[in-house]
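Now for the letters of each chain:
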Amino acid sequence: MALEIIAGCVNCWACVTLCPHQAIIEAQPHFLIDPLRCTECVDAHATPQCAAICPVEGVIVNELGDPLNPPGSLSPPARFG
Amino acid sequence: MPTPSTSNPTAPISGCASGRCGSSTQQIDELDASTAQRVQDHPCYSEEAHKYFARMHVAVAPACNIQCNYCNRKYDCSNESRPGVVSEVLTAAQAVKKTLAVAAAIPQMSVLGIAGPGDALANPERTFATFAELSERAPDLKLCLSTNGLMLPRYVDQIAAYHVDHVTITINCIDPEIGAQIYPWIFWNHRRVTGREASEILISQQQKGLEMLVERGILVKVNSVMIPGINDQHLKEVSRVVRAKGAFLHNVMPLISDPAHGTHFGLTGQRGPTPQELKALQDDCAGDMNMMRHCQQCRADAVGMLGEDRGAEFTLEKIEAMQIDEHAAMGRRIALRAAINAELAEKRAARHAASAQVIALHRATVSPGRPVRMAVASSTGAIIDTHFGHAKSFRILEVTADSVHTLGTRAAAQYCGGEADCGEADNTLARTLASLADCEVMLCSRIGIEPWGKLEAAGIRPDGSHAMEDVASAARAVWQAMLESGQLANAPAHQRRA
Ligand code: SF4
Ligand code: SF4
Ligand code: SF4
């Protein structure tokens, strides 16, 4: 089991240093996850670390292709006042 | 997809785009002496120094651990760079190489900063590896870093260990309700935290980090982004609080909001301030604190004099080919710095002499200003060495144009005598305030934020900026500053109220 980074990733590096298994690879056009290294963090943390810090919705997906940060999940609540 | 507006870095820009300099050269003169000494060859902090000294940033810190609504993370941190800019990320080893090459080619180089492109402390390994190596190989360079503050308390001791002497914290608010409109989430303890809770954590980490840095004698500058309708009024309070805690400069920057940058604020139509609004706020905060107005929000990989970017001369490829004698280069930098500082010192002295003459002329013709009563927290009466809360008594001075008289000593109700006293704190503070009611100024080495506010409310201005100075000369300087700012034309606040 492994997560995947797909198009839309802005190469911001936030996920790279957090990965407990150094599974995230600096690549072009966008960063990638090494499926042989990624454990979805089950052995290390309560939640996949890359997905917990990624600032872009929809670019980290599970094996079913479902985004861990679905549309709307990271945007601020509707404008105050 | 909008293309990042990497303005052509080879285009020569003059060192000082003088039209952009808003503050007076007096700015540095107004800082307390030891701070002025430490910032005088820092181009970002000293209006004067930025014409003589150069700085560079190395982009070793790409990651960020929070989200600001004015930031699109495709680009560099908008707290530190103009939005829409992209810097090439370096490893620590590349950054060290680049720094040594630049510092050999530009002997005016005095400051090496890490300001992103993300957050310096969200990339602690690269940031500190860079500092560690440079503090060995170019110990004459000043190190500085910029941070959103989230991880500051954890790294303060490391920052101190590498003798980093300037830290910039971006503080946009101290009220989590306001914070919730600026920060949608933070990454904290291995999870994403959203909403008000995120701002509560961020704000408390920033404030704690600020206090810890000041305790360790590290200079702290605070940056704030002015967001009309969200934090514009609130920033005056921010200014007051960060000054009371010991920040030496507050730099208010305008929100730059462009839909093309793809930020949340850009897309929702949140506007930036007009130049008039920005100036009005900067003036308001300046009454409170030394403001910096020549900040140009440099790129995270800026190289050269402020306002210019010579980055293109120092690409990794070009650096590889350079032969550098590190030791000789350092010698050249130190010699040049000494020469420039001597020249600047002369100019400063001339400026002081000129203002002294003006005062002398005034003295002959116009009223020299009324006497001012001041309270001083000092253990011996000679040096301002005592924390307001620890003072057992206050010396009361009467300061006039040409004399400093001691009127006597008044016992303080000690309000901060340890935990046992805590319930009594308000009461004892009130008694101390009553005993100082006729004073306009209270000089001490340090003071807490609570009593600061209460003294101000009682019309007694607390002043901790003359810590460890001679009592008589500090009192003179305070009186002189009051005279020059016109405060001695009116009756003291407590008499006006009465
Ligand atoms: S889920 Fe965990 S292990 Fe997999 S790439 Fe992300 S951080 Fe690394
Ligand atoms: S945190 Fe998200 S956007 Fe940033 S590099 Fe990783 S996957 Fe890409
Ligand atoms: S701290 Fe800087 S990089 Fe991080 S979100 Fe805010 S503006 Fe962007």
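Residues numbered from 1 in each chain as written. Chains lettered and ligands numbered in written order. Predicted model: local features only at pLDDT ≥ 70, side-chain atom pairs only at ≥ 80, totals over all residues. Heavy atoms only, no water.

Caption draft 1: Representation of the overall build of chain B within the structure. Assigned secondary structure in chain B consists of 16 helices and 15 strands. The 498 residues of chain B split such that 54% are buried. In chain B, the share of contacts with a sequence separation of at least 24, taken over all contacts with a separation of at least 6, comes to 73%. (Helix = DSSP H or I, 4+ residues; strand = E, 2+ residues; numbered from the N terminus. Buried < 20%, exposed > 50% of the residue type's maximum accessible area, 1.4 Å probe, protein only. Contact = heavy atoms within 4.5 Å.)

Caption draft 2: Molecular detail of the overall build of chain A. Within chain A, the regular secondary structure consists of 1 helix and 4 strands. Reading the helices (α) and strands (β) of chain A from amino to carboxyl end gives β-β-β-α-β. Counting every position in chain A, which comprises 81 residues, the buried fraction comes to 43%.

Caption draft 3: Quick peek at the packing of helix H3 (residues 92-105) of chain B against helix H4 (residues 124-137) of chain B. All names here are of chain B. It is the contact of H3 with H4, at a shortest axis distance of 9 Å, that shows an interaxial angle of 35 degrees. Like other packed secondary-structure pairs, H3 and H4 cross with a definite hand, here right-handed. Two secondary-structure elements touch here, H3 through Ala-92, Ala-95, Val-96, Thr-99 and Leu-100 and H4 through Arg-126, Ala-129, Thr-130, Glu-133, Leu-134 and Arg-137. A breakdown of the residues in the contact of H3 with H4 according to their chemical character gives 6 nonpolar, 2 polar and 3 charged. (Axes fitted to C-alpha atoms, helices over the stretch in contact; angles between N-to-C directions. Left-handed = near helix turned anticlockwise from the far one by under 90°. Nonpolar A, V, L, I, M, F, W, Y, C, P; charged D, E, K, R; others polar.)

Caption draft 4: Molecular detail of the packing of aromatic side chains. Applying the stated criterion to the full structure yields 5 aromatic pairs over all chains. Geometrically, the ring pair formed by Phe-128 of chain B and Tyr-155 of chain B is tilted, given 5.7 Å between the ring centres and 40 degrees between the ring planes. Here Phe-128 of chain B is found in helix H4, whereas its partner Tyr-155 of chain B is found in helix H5 (residues 152-161), with 27 residues between them in sequence. There is no split in this pair, since Phe-128 of chain B and Tyr-155 of chain B are both buried. Summarising the aromatic geometry, the rings of Phe-388 of chain B and Phe-394 of chain B are spaced 5.6 Å apart at their centres and angled 40 degrees between planes, so their arrangement reads as tilted. Overall, the relative accessible area of 2% leaves Phe-388 of chain B in the buried class. Among the aromatic side chains, those forming a connected cluster through ring pairs are Phe-128, Phe-131, Tyr-155 and Tyr-162 of chain B. Lying across the ring of Trp-13 of chain A, Arg-126 of chain B places its NZ or CZ 4.8 Å from the centre. (Phe/Tyr/Trp six-rings, centres within 6.5 Å; stacked < 30°, edge-to-face > 60°. Lys NZ or Arg CZ within 6 Å of the ring centre and 35° of its normal.)

Caption draft 5: Broad picture of the side chain of Thr-170 of chain B. Residue and element names in this part refer to chain B. Tracing the chain through its elements places Thr-170 in strand E5 (residues 166-170). The class of Thr-170 is buried, set by a relative accessible area of 2%. When neighbours within four sequence positions are excluded, Thr-170 is seen to be in contact with Tyr-70, Asn-79, Glu-80, Thr-147, Asn-148, Gln-206 and Asn-223.

Caption draft 6: Representation of the site of ligand 2 within the structure. All names here are of chain A. Looking at ligand 2, the residues that line it are Ile-5, Cys-9, Val-10, Asn-11, Cys-12, Trp-13, Cys-15, Phe-31, Cys-54, Pro-55, Val-56 and Ile-60. Because more than half of its atoms lie within 2 Å of the grid, ligand 2 is assigned to the second largest cavity. Its residues placed into classes, the shell around ligand 2 shows 11 nonpolar, 1 polar and no charged. (Near = heavy atom within 4 Å. 1 Å grid on protein atoms, 1.4 Å probe; cavity = no way out; pocket = protein on both sides within 12 Å on 5 of 7 lines; lining within 4 Å. Sits in = over half its atoms within 2 Å of the grid points.)

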